Amino acid sequence: MKRRLCMSDEEHAAYVRANHIVAGSHKVKDPCADCLQAFSIEMREAGLCDGRPGGMPGRRPASSPTLMQQWREASRRYRQRHREVAA
Ligand SMILES: [Zn+2]
């Protein structure tokens, strides 16, 4: 799986592992399919998005986020906290 700009090497490695364990037959081919809109907007502003987010309105039913989307959201919050601490 290609590593996208919005993930660090560690994140990518963990994502590939999680994808393998969690997704089963619904394995994600592009990690950005799990990027939620808020995440990709933030990453784009930081120049860290080179993918196509899957969480855009209209692309998915407005059901609750998938496990892998929650995973991406968690890393977004983690980064946010990290930036706040660094600032
Ligand atoms: Zn992305």
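Each remark here, short or long, concerns the structure printed above.
Residues numbered from 1 in each chain as written. Predicted model: local features only at pLDDT ≥ 70, side-chain atom pairs only at ≥ 80, totals over all residues.

A. Looking closely at the overall build of the protein chain. When you go through the protein chain residue by residue, the secondary structure sums to three helices and zero strands. Starting at the N terminus and walking to the C terminus, you meet the elements of the protein chain as α-α-α. Per-residue burial for the protein chain yields a buried fraction of 18% across its 87 residues. The contacts in the protein chain between residues at least 6 apart in sequence include a share of 57% that link residues at least 24 apart. (Helix = DSSP H or I, 4+ residues; strand = E, 2+ residues; numbered from the N terminus. Buried ≥ 20, exposed ≤ 12 C-beta atoms within 10 Å, placed from the backbone. Contact = placed C-beta atoms within 7 Å.)

B. A look at helix α2 (residues 37-45). The set of residues buried in α2 consists of Phe39, Ser40 and Met43. Taken around the axis of α2, the buried residues stretch over an arc of 90°, which confines them to a single face. For α2, the exposed residues lying more than 90 degrees away from the buried face are Ala38 and Glu45. Just downstream of α2, Gly47 is the residue with a positive phi angle, here 70°. (Arc of directions from axis to C-beta.)

C. Here's a closer look at the nonpolar core. Formed by Cys6, Met7, Tyr15, Cys32, Cys35, Phe39 and Met43, the largest nonpolar core amounts to seven residues. For Met7, the residues in contact, after removing those within four places along its chain, are His12, Tyr15 and Pro31. (Core = buried A, V, L, I, M, F, W, Y, C linked by C-beta atoms within 7 Å.)

D. Spatial organisation of the environment of Met1. When you line up the elements, Met1 lands in the segment before α1 (9-22). Take Met1: there are 13 C-beta atoms within 10 Å of it, and that puts it in the partly exposed class. Through-space distance from the C-alpha of Met1 to that of Asp30 is 6.8 Å; in sequence the pair is 29 residues apart. When neighbours within four sequence positions are excluded, Met1 is seen to be in contact with Val16, Lys29 and Pro31.

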